[in-house]
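Summary of structural features
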Amino acid sequence: MARLRILAALLSLYSASAICGGIDQIRLLGPQAINLWRLEASRKAAADSASNAFGSKEAILVEQSFGDDYSWDELDADDDTDDIDYGLEFKYPEHWFTQPLDHFLPENASEPRHTFQQRYWVSTRNYRPGPRAPVIVLDGGETSGVDRLPFLDTGIVDILTRATGGVGVILEHRYYGSSIPVQNFTTDSLRWLNNAQAAADSANFMANVELPGIQDNLTAPGHPWIYYGGSYAGARAAHMRILYPDLVYGAIASSGVTHASLENWEYMEIIRRAADPTCSRNLQHSIELIDALLDIPITRKPLKALFGLAGLEHDEDFVSLLESPLGAWQGKVWDPEVGSTRFDEFCDALNRPFGHVDDAEVSFDDDTGLLQVTGNLSVPVPVYNYAKWIRENYVTQCSGSVEDCFGTFDDAKFQETTLDQTWRLWLFQVCTEWGYFSTAPPAGHPRIVSRRLSLEYESKICKQAFPPGEHFVVPHLPNVTVVNALGDYDIEADRLAIIDGEVDPWRPVTPHSEYARDREDTLLRPFKLIPNAVHHYDEYGRRNSSEEPPEIQKIHKEMTNFVVAWLWSWKPSNVSST
């Protein structure tokens, strides 16, 4: 009888209408993401080993299991280049520029002045020498610069240089790819990985680089430089226009996350609103039910077992893994050759009706409309489908115990500091200056993630991964003021373009946020929102532009128009005027 009362209560919870209004959340990079990074790294290592055994990289094709679900531009920060056309690396050979490790070391400092080699790539195929021929530099951001080569070849750099007769450059960010200035990734060794040092790198490069294959001196401020970036690099593009206006003649911030925040719960709200309505509704109801079932002792363990995670000790780890498929939304791209369909596949699986359930051990109760899993646990079909997705796409990748694979409370798991632990890089930036920890939305808001995802849980990775060093201590919480002091939502300048996507989950921390003031879109200060676009959609391009969707053709035409207009007013003696 007690079980029936529990069942009735849960059924009413599932069928209840969700409270409308508000916003939701994100976990850019919580501790669970490190576990997924490791599983993916192990899978790739095994694939490479098998491939080498056949004597060819093409001998084995392995579908990505996790890469579409977490973007660093964001879990992409593992510096993976497996998906890049290897022909581009031959087409655009790498070059190197010497940078100081510490741009701000005092003149009278006793410590040595270390340097490192920063990697970059150049395209001169559209270069037409002339006084207004620009350099279009794309900031590599938080990944290997190799991952940005497609933008040099057919993307936004090629589009803009073709329209202006300019030179295209990809500049790799310090610590990422091969631009590594240290011998390990300890807390102390990472202390030069911050906004100010990275911006000084770019400024030094622009003012002093001798571009290979070009006899002309194209350094700034003698020639106009247009600085482009997407996502984190988009914020850097905006910052460069503010910090170095004498060097950066113009900048384009695409999906630029200019507002740093401790909690970025709004990320998931964008997804909740923009996703297929049936999928969004099923997600909301499923998560509400899962949270309720975890509160009940007799259903907590059977629920985890349904997801293949019976041995996972902490409920927070359990629900954080359930959040993982949602990150695939950011992988959507208008170009089918590079975009991910994984989020849509997840939604299709979640929405499947009862007739598609093929587990003979599960029975359907016509009276309650639930699937009976055990004597104490019955769930709606979407919850069962959710569990099946997690089992098949995550748990099957775990060769050890689920606690070893998906637990996050063992500090020792996060304290390897060798150079192959590239997950430490963006995480260090998150923990020191950027934030964006995912937490549950405020009470009363509809949600597609568990209420158990707290700031304490999501940010504990900072203390676990970065114990105090001899020279540097990671703050208790990131100093987001360092970022926001540069303009925040209101960052603006002449020849600074702000371009965002309508359904980009990062939109809430860009100047197109609902929290930001509206602005006029002008030629001198472009302020554009691409309809139905996700993350830096303008960065991608096709060699044949007629193959691009109309809204992408439109934004590319607008971008070339305002950059050309900027260049017509360029004067070498007056580059810093606004």
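Residues numbered from 1 in each chain as written. Predicted model: local features only at pLDDT ≥ 70, side-chain atom pairs only at ≥ 80, totals over all residues. Heavy atoms only, no water.

**A word on the overall build of the chain**
If you tally the helices and strands in the chain, you get 18 helices and 13 strands. Looking at the chain residue by residue over its 578 residues, the buried ones come to 59%. Contacts in the chain between residues at least 24 apart in sequence constitute 78% of all its contacts with a sequence separation of at least 6. Surface summary for the chain: the accessible area is close to 22800 Å², and the carbon and sulfur share equals 51%. (Helix = DSSP H or I, 4+ residues; strand = E, 2+ residues; numbered from the N terminus. Buried < 20%, exposed > 50% of the residue type's maximum accessible area, 1.4 Å probe, protein only. Contact = heavy atoms within 4.5 Å. Areas by Shrake-Rupley, 256 points an atom, 1.4 Å probe, with all protein chains shown as cover.)

**Notes on the confidence of the model for the chain**
Confidence in the prediction for the chain averages 89 pLDDT; 87% of positions are at 70 or higher. Every residue in residues 56-83 scores below 50 in pLDDT, and together they form 101 contacts with partners more than four places removed in sequence or on other chains. Per-residue pLDDT stays below 50 along residues 574-578; that stretch engages in twelve contacts with residues further than four places along the chain or on separate chains. (pLDDT = per-residue confidence, 0-100.)

**What about the packing of aromatic side chains?**
Summed over all chains, the structure comprises 23 aromatic pairs. Look at Tyr232 and Trp426: their rings are 4.9 Å apart centre to centre, the planes differ by 55°, and that puts the pair in the tilted class. Of the two residues, Tyr232 is situated in helix α7 (residues 232-243) and Trp426 in helix α15 (residues 423-434); the sequence distance between them amounts to 194 residues. The pair Tyr232 / Trp426 is uniform in exposure class, with both members buried. Residues Phe409 and Tyr457 carry aromatic rings whose centres are separated by 6.0 Å and whose planes lie at 35° to one another, so their mutual orientation is tilted. Residue Phe409 is located in the loop between α14 (402-406) and α15, and its partner Tyr457 is located in helix α16 (residues 455-465); the two are separated by 48 residues in the primary sequence. (Phe/Tyr/Trp six-rings, centres within 6.5 Å; stacked < 30°, edge-to-face > 60°.)

**Some remarks on the side chain of Glu269**
Among the secondary structure elements, Glu269 is positioned in helix α8 (residues 266-274). Residue classification places Glu269 among the buried positions, given a relative accessible area of 0%. Of the polar contacts made by the side chain of Glu269, one reaches the side chain of Arg273; its length is 2.9 Å. (Polar contact = N/O pair within 3.5 Å; in protein donor to acceptor, adjacent residues only side chain to side chain.)

**What to know about the pattern of salt bridges**
What the rule picks out here adds up to 34 salt bridges. Among the salt bridges present, the one from Asp295 reaches Arg452, with a minimum N-O distance of 2.5 Å. Separated by 157 residues along the polypeptide, Asp295 in the loop between α9 (277-294) and α10 (297-306) and Arg452 in the loop between β11 (435-437) and α16 bring together distant segments of the chain. Under the relative-accessibility criterion, Arg452 is labelled buried at 15%. Here Lys528 ties to Glu558 by a salt bridge, and the two come within 3.5 Å at their closest N and O atoms. One end of the pair, Lys528, is in strand β13 (residues 527-530); the other, Glu558, is in helix α18 (residues 550-568), with 30 residues separating them in the sequence. We classify Lys528 as buried; its relative accessible area is 12%. The partly exposed category is assigned to Glu558, whose relative accessible area is 23%. Shared partners join several salt bridges into a network, and the residues in it are Asp291, Asp295, Arg300, Lys304, Asp315, Arg447, Arg451 and Arg452. (Salt bridge = Lys/Arg side-chain N within 4 Å of Asp/Glu carboxyl O.)

**Some thoughts on the environment of Arg542**
Relative to the helices and strands, Arg542 is located in the loop between β13 and α18. Along the primary structure Arg542 and Pro150 are separated by 392 residues, whereas in three dimensions their C-alpha atoms are 9.9 Å apart. For Arg542, the contacting residues outside a window of four places in its chain are Thr154, Trp334, Asp335, Glu337, Glu547 and Glu548. Within the structure, the side chain of Arg542 is placed 3.3 Å from the side chain of Asp335, a separation counted as a polar contact. At a separation of 3.0 Å, a polar atom in the side chain of Arg542 contacts the side chain of Glu547.

**Things to note about the sheet that holds β13**
Reading across the sheet, the eight strands line up as β1-β2-β4-β3-β5-β6-β12-β13 and stay open at both edges, with mixed pairing between neighbours. Strands at the two margins of the open sheet, each flanked by one partner only, are β1 (95-100) and β13. On average, each strand axis in the sheet is inclined to that of its neighbour by 25°, with strand direction left out of account. Taken strand by strand, helix α6 (residues 195-208) contacts β1, β2 (115-123), β3 (135-139), β4 (167-171) and β5 (225-230), and its axis lies near 120° from that of β1. (Pairing = 2+ DSSP bridges. Axes fitted to C-alpha atoms, helices over the stretch in contact; angles between N-to-C directions.)

**Quick word on the state of the cysteines**
For the structure shown, the criterion picks out three disulfides. At a sulfur-sulfur separation of 2.0 Å, the disulfide partner of Cys279 is Cys347. Judged by the sign of its S-S torsion, about -70°, the bond between Cys279 and Cys347 is left-handed. Of this pair, Cys279 sits in helix α9 while Cys347 sits in helix α12 (residues 342-351); the two residues are 68 residues apart in sequence, bridging distant segments of the chain. Accessibility assignment for this pair places Cys279 and Cys347 in one class, buried. Indicated for the chain is the disulfide connectivity 1-2, 3-4, 5-6, based on numbering the bonded cysteines in sequence order. (Disulfide = S-S within 2.5 Å.)

**Some points on the layout of surface pockets**
To locate leftover empty space, one rolls a probe as large as a water molecule over the atoms. By volume, the second largest pocket amounts to about 340 Å³. Taken together, 17 residues line the second largest pocket, and the ones lying closest to its centre are Leu101, Pro112, Arg113, His114 and Trp192. Within the lining of the second largest pocket, the residues separate by chemical class into seven nonpolar, five polar and five charged. (1 Å grid on protein atoms, 1.4 Å probe; cavity = no way out; pocket = protein on both sides within 12 Å on 5 of 7 lines; lining within 4 Å. Points joined across faces, edges and corners; volume = space filled by probe spheres on them. Nonpolar A, V, L, I, M, F, W, Y, C, P; charged D, E, K, R; others polar.)

**Brief notes about the sheet that holds strand β10 (residues 378-379)**
Backbone-to-backbone hydrogen bonds pair the strands of a sheet. The strands run either parallel or antiparallel. With antiparallel pairing, the three strands of this open sheet are ordered in space as β8-β9-β10. The sheet is open, and its two edges are formed by β8 (363-365) and β10, each paired on a single side. One ladder, built from three bridges, connects β8 with strand β9 (residues 370-372); its direction is antiparallel. Counted as the bridge partner of Asp365 is Leu370 from β9.

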